[in-house]
Amino acid sequence: MRKIVVPNIAFLIAVVAVISGLLAAPAAAQDRGGTYSTGELIATGHKFFGTVSGGLATVIEEAVSRYGQPNGYILGEEGAGAIVGGLRYGDGQLNTRDRGKTRVYWQGPSIGWDFGGEGARTMMLVYNLPSVDALHQRFGGVDGSAYFIGGFGMTALVADRIYVVPVRAGVGLRLGVNLGYLKFTPTPTWNPF
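Not measured: the values here are computed from a predicted model.

I would appreciate a short explanation of the pattern of salt bridges in the present structure.
Pairing is possible between side chains of opposite charge, provided their charged atoms come close. Counted under the stated rule, the structure contains twelve salt bridges. A salt bridge links Arg 66 to Glu 62; the shortest N-O distance between them is 2.7 Å. Of this pair, Arg 66 and Glu 62 both sit in helix α3 (residues 56-67), four residues apart, roughly one helical turn. Judged by its relative accessible area of 43%, Arg 66 falls in the partly exposed class. For Glu 62, a relative accessible area of 32% corresponds to the partly exposed category. Where Asp 114 meets Arg 174, a salt bridge forms, and the shortest distance between an N and an O atom there is 2.5 Å. Residue Asp 114 is found in strand β2 (residues 100-127), and its partner Arg 174 is found in strand β5 (residues 162-185); the two are separated by 60 residues along the sequence. You'll find Asp 114 and Arg 174 in the same group, each marked buried. Sharing partners across several salt bridges, the network here consists of Glu 78, Arg 88, Asp 114, Glu 118, Asp 143, Arg 168 and Arg 174.

Shown next as structure tokens:
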């Protein structure tokens, strides 16, 4: 009997496409309506994450060294779980200098070697955002999680030269690597696709 490997090849092509998009990240974000300094982001993060923010400065400094200064950030909460395929749902507030504060929701599927669940407080740094409506689309990326009771980490998602870098501090039990996307919407929905 002959095995069909098309899904494995499609998965591999998708992983290569996402990784190449992330590697092409800008050295510095373009200034579109004012950016946030590293100090402002760290201070906001310490207030938002509270006592679990020990590694926050290091993670934010790493994001800024890779992508530059963001022109927006989202503070919110999310929950996720996976058994090979997974789902993530969250909501929060997008903060921009020129457009103020806007409520946003996100949801998305993932697939990969991934097991467990977590709940997290999330600070997402947003780069090259031309308008609030430009956020309402799918952002793809590769994510890795290693939570045993608690954890702290950063990933990067990309769409149309807009980068979203989630910084998560969560609790739960989860281990894995997956390929997926987050879809941002102006209203809540249970449909992750």
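Read on, since the account is not over.
I tried to follow helix α2 (residues 38-49) on my own but got confused; where do I start?
Think of an α-helix as 3.6 residues a turn; residues three or four steps apart then line up on the same face. Look at α2: 16 Å from first C-alpha to last across twelve residues, which is about the 16 Å you get at 1.5 Å a residue. Here α2 has its buried residues at Leu 41, Ile 42, Thr 44, Gly 45, Phe 48 and Phe 49. Along the axis of α2, the buried residues cluster in a sector spanning 165°; they form a single face. Structurally, α2 contributes buried residues whose contacts are with α3, β1 (72-96), β2 and β5. Two residues or fewer after α2 comes Gly 50, characterised by a positive phi angle close to 70°.

Quick question: what am I supposed to make of the packing of aromatic side chains here?
Given two aromatic rings, one states the distance between the centres and the angle between the planes to describe the pair. Applying the stated criterion to the full structure yields eight aromatic pairs. On the numbers, 4.9 Å between centres and 75° between planes, the contact of Tyr 36 with Tyr 73 is edge-to-face. Of this pair, Tyr 36 sits in the loop between α1 (6-23) and α2 while Tyr 73 sits in strand β1, and the two are 37 residues apart along the sequence. Both residues of the pair, Tyr 36 and Tyr 73, count as buried. Consider the rings of Tyr 67 and Tyr 127, whose centres lie 5.6 Å apart with planes at 45°: the pair is tilted.

The rules behind each value
- Residues numbered from 1 in each chain as written.
- Predicted model: local features only at pLDDT ≥ 70, side-chain atom pairs only at ≥ 80, totals over all residues.
- Heavy atoms only, no water.
- Salt bridge = Lys/Arg side-chain N within 4 Å of Asp/Glu carboxyl O.
- Helix = DSSP H or I, 4+ residues; strand = E, 2+ residues; numbered from the N terminus.
- Buried < 20%, exposed > 50% of the residue type's maximum accessible area, 1.4 Å probe, protein only.
- Expected span 1.5 Å × (residues − 1).
- Arc of directions from axis to C-beta.
- Contact = heavy atoms within 4.5 Å.
- Phe/Tyr/Trp six-rings, centres within 6.5 Å; stacked < 30°, edge-to-face > 60°.

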